[in-house]
Amino acid sequence: MEYKIYVRVAAEFTADGKMTPLWITWKDGRKYVIDRVRSCERAASRKAGGVGLRYTCMISGSEHYLFYEENYRWFVEAKME
Amino acid sequence: MERTILHSDMNSCYASIELLYHPELRGHPLAVGGDPEARHGIVLAKDQLAKKAGVKTGMALWQARQACPGITFVHPRMDLYLRFSRMAHEIYSDYTDLQEPFGIDECWLDITDSCSIKGDGKAVAEEIRSRMKRELGITVSIGVSWNKIFAKLGSDYKKPDAVTQITKENYRTIVWPLPAGDLLYVGRATQKKLAKFGILTIGELAQADIDFLQRVFGKMGAVLSVFANGLDQTPVSLENTEAPIKSIGNSTTTPRDLTCDRDAAIILTLLAESVSARLRENGFACRVVEVSVRDNGLYSFTRQRKLQMPTDITGEIADAAISLFRESYGWQNPIRSLGVRASDLTDPLTPFQLDLFLDQDRRDRLHMADMSVDSIRRRFGFYSIQRGIMFYDRALSKLNAKDDNTVHPHGYMERGNRTGADGAKADESGYATAGRR
């Protein structure tokens, strides 16, 4: 079971308005740098529940989805611990 | 040239969206329902599981619980559904600018001109279906045909998450065996009347004699025959165009049953405020005021009255509604819901005949006062300024009819009858082709 968790994200805006997330700050303060954004498309998260722009991000060698929701917040699909 | 028309229908729209946002509820029966406290306690939408258990749209919440004991109710979130509707239209607009919404969750698309680039109707429909699932997380069923009526029947034919193509080759086997009641404009009454003449399916309707249908149903008889034969010519309207407004109305189910004239006056005044504010917003004046009444035995009626002068003044509309109500209702039963509608709209700048015995200066001042109230409400909120009558019963008057009700029902012919069945004309053009085939 996975759930939705809103996270703090630093993003860069280019002069022509393109937005790229740079790093995620987890709730305990740990910082995860996004090495590369593989793709960005509109998608629904059926696991966590929500719709938005889905950034497919490479974080320390593995692939993760980062969603920019319509309510202007970022979320990830987190595993239930 | 033959048109290619799609009709896309989001499957149990509200329930699917709620399930998307509440993944933990997936696998349990769910219904989206109103607020039983405010007595809007009916099922608006249900998911597949609840449907299987026999829950129907329009059931009271307690009936739904009886039919399906494990059911979960969630409150409707209209803003969210409207957002999804908008996102769906963004997807549709990648294929055509001829898209006409029919309610919040249905839409017709005319993709005739983009078929050369995007592929045939079926291919485009499949692409839209998979994009909706991936990008919005909800499923749609799509009908593909050469006219709007059959496209709509196609989207109802197989659900959920499916594409049905109705062509000139297969419509006799797909559409014709369906019950006549599935056709647009065949409601309960028409269906009963048709059954009396032994017309039970769409096919039987299509093959019925047109003169006979016209004799029984009047103009609509020709229209129904056109629909059943797939000869409907109604075009898909350009996106973001609205049919001209013909009337403006608001109605509400009240928080408690109304039992006296004063209760009714509070609600009617409230509704008149909303209706007149919307008239002023759109630059109209009305010449006819209509009230609709439904009592707690669900008996309902409407009455209307022509006004002496066109107006957009709240007080005049409220007075007309209240006196109309008093004359037409004898309090046989407590009242459950009321509505006020303004119609026969004119531009307030059109010259009109003044009345010697009516103080037009005073009317102009009332109009200015209403405009001031509108602008105060725009700046400081709806409740910042209220009429004295509202203080008789705060529970009743806490309603904000204007901002709380924003979804409008649509009629298939709100832009006029464009089916190609214009009474006599249909006999020559439409039916000549029907005969040839």
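This paragraph deals with the overall build of chain B. Along its length, chain B carries 18 helices and twelve strands. Scaling as 2.2 N^0.38, a compact globule of 437 residues should have a C-alpha radius of gyration of about 22 Å, and chain B matches this with 24 Å. For chain B, the C-alpha atoms occupy an extent of roughly 65 × 60 × 45 Å along the three principal directions. Buried positions account for 35% of the 437 residues belonging to chain B.

A word on the overall build of chain A. The helix and strand inventory of chain A stands at zero helices and six strands. Going from the N terminus to the C terminus, chain A shows its helices and strands as β-β-β-β-β-β. By the compact-globule yardstick of 12 Å for 81 residues, chain A fits well, its C-alpha radius of gyration being 12 Å. Expressed along its principal axes, the backbone C-alpha trace of chain A runs to roughly 40 × 25 × 20 Å. When each of the 81 residues of chain A is scored for burial, the buried share is 21%. Counting contacts in chain A only where the partners sit at least 6 residues apart, residues at least 24 apart contribute 35% of the total.

All names here are of chain B. The omega torsion of the bond from lysine 159 to proline 160 falls at -15°, within 30 degrees of zero and hence cis. Of note, proline 160 is situated in the loop between helix H7 (148-157) and strand E8 (162-165). Although it is not a glycine, aspartate 344 adopts a positive phi angle of roughly 50°.

All names here are of chain B. Read from one edge of the open sheet, five strands run E5-E6-E1-E7-E8, paired in mixed fashion. With partners counted over all chains shown, the strands left at the sheet margins are strand E5 (99-101) and E8, one partner each. Each neighbouring strand pair of the sheet contributes to a mean axis angle of 15°, computed without reference to strand direction. Direction of pairing for strand E1 (residues 5-10) relative to strand E6 (residues 106-110): antiparallel, over a ladder of five bridges. In the strand pairing of E6, leucine 6 is matched with leucine 109. Sitting on the sheet, helix H6 (residues 121-136) touches E1, strand E7 (140-145) and E8, and the angle it makes with E7 is about 170°.

One broad trend across soluble globular proteins is that nonpolar side chains are buried collectively. Residue and element names in this part refer to chain B. Of all hydrophobic cores here, the largest spans 69 residues; its most connected members are Leu6, Ala31, Val55, Leu109, Leu205 and Leu224. Other than its neighbours up to four places away in sequence, alanine 31 contacts Ala15, Val43, Ala45, Lys46, Ala50, Val55, Ala64, Ile71 and Phe73. By size, the runner-up hydrophobic cluster in this structure holds 30 residues, among which are Ala272, Ala285, Ile313 and Ile335.

Right, let's talk about the interface of chain A and chain B for a bit. Listed as interface residues are ten residues of chain A and, on the opposing side, nine residues of chain B. No other element matches strand E3 (residues 31-45) of chain A, which puts three residues into the side of chain A that touches chain B. Along the lines of polarity and charge, the residues of the side of chain A that touches chain B split into four nonpolar, two polar and four charged.

Domain assignment breaks chain B into domain 1 (1-174), domain 2 (176-228) and domain 3 (247-410). Relative placement of domain 2 of chain B and domain 3 of chain B: their C-alpha centres are 39 Å apart.

What follows is about the pairing of strand E1 (residues 2-13) of chain A. Successive side chains on a regular strand alternate, one facing one side of the sheet and the next facing the other. Residue and element names in this part refer to chain A. Pairing of E1 with strand E6 (residues 74-79), which is carried by six bridges, proceeds in the antiparallel orientation. Of the residues in E6, the one forming a bridge with valine 7 is tryptophan 74. For E1 and strand E2 (residues 19-25), the ladder comprises six bridges, and the chain directions are antiparallel. By the bridge assignment for E2, alanine 10 is matched with tryptophan 23. In this structure, the hairpin formed by E1 and E2 is closed by a connection of five residues, where glycine 17 is found at a positive phi of approximately 95°.

Residue and element names in this part refer to chain B. Between helix H4 (residues 78-92) and H6, the least distance of the axes is 11 Å, while the angle of their chain directions is 135°. Accordingly, the angle class assigned to the pair H4 and H6 is oblique. Relative to H6, the crossing made by H4 is right-handed. Together, Phe84, Met87, Ala88 and Ile91 of H4 and Ile128, Arg131, Met132, Glu135 and Leu136 of H6 make up the contact between the two elements. A breakdown of the residues in the contact of H4 with H6 according to their chemical character gives seven nonpolar, no polar and two charged.

Further remarks concern the sheet that holds strand E4 (residues 72-74) of chain B. Residue and element names in this part refer to chain B. Strand order in the open sheet formed by three strands is E3-E2-E4, and the pairing between neighbours is mixed. Strand pairing shows two members of the sheet lacking a second neighbour, strand E3 (43-46) and E4, which therefore form its edges. For this sheet, the mean angle separating the axes of adjacent strands, direction not counted, is 30°. Of the pairings in the sheet, the one linking strand E2 (residues 30-33) to E3 comprises three bridges and is antiparallel in character.

With eight of ten residues buried, H7 of chain B lies mostly within the body of the structure. Along H7 of chain B, the residues that are buried comprise Lys148, Ile149, Phe150, Ala151, Lys152, Leu153, Gly154 and Ser155 of chain B.

Here helix H14 (residues 314-328) of chain B spans 21 Å end to end across 15 residues, near enough to the 21 Å set by a 1.5 Å rise per residue. Where the residues of H14 of chain B are buried, they touch helix H13 (261-281), strand E10 (285-295), strand E11 (300-311), strand E12 (335-346) and helix H15 (360-380) of chain B.

This part is about the packing of H13 of chain B against H15 of chain B. All names here are of chain B. Direction vectors running N to C along H13 and H15 enclose 95°, while the axes themselves pass 11 Å from each other. The angle between the axes of H13 and H15 places the two elements in the roughly perpendicular class. Listed contacts from H15 to Ser276, Ala277 and Arg280 of H13 are Asp370, Met371 and Asp374. Within the contact of H13 with H15, the residues separate by chemical class into two nonpolar, one polar and three charged.

Here lysine 79 of chain A shows up in strand E6. It is 8.9 Å that separates the C-alpha atoms of lysine 79 of chain A and lysine 4 of chain A, two residues lying 75 residues apart in sequence.

Definitions and limits used
Residues numbered from 1 in each chain as written. Chains lettered and ligands numbered in written order. Predicted model: local features only at pLDDT ≥ 70, side-chain atom pairs only at ≥ 80, totals over all residues. Helix = DSSP H or I, 4+ residues; strand = E, 2+ residues; numbered from the N terminus. Rg over C-alpha atoms; globule rule 2.2 N^0.38 Å. Buried ≥ 20, exposed ≤ 12 C-beta atoms within 10 Å, placed from the backbone. Contact = placed C-beta atoms within 7 Å. Pairing = 2+ DSSP bridges. Axes fitted to C-alpha atoms, helices over the stretch in contact; angles between N-to-C directions. Core = buried A, V, L, I, M, F, W, Y, C linked by C-beta atoms within 7 Å. Nonpolar A, V, L, I, M, F, W, Y, C, P; charged D, E, K, R; others polar. Domains from an automatic or database assignment. Parallel < 35°, antiparallel > 145°, perpendicular 65-115°, else oblique. Left-handed = near helix turned anticlockwise from the far one by under 90°. Expected span 1.5 Å × (residues − 1).

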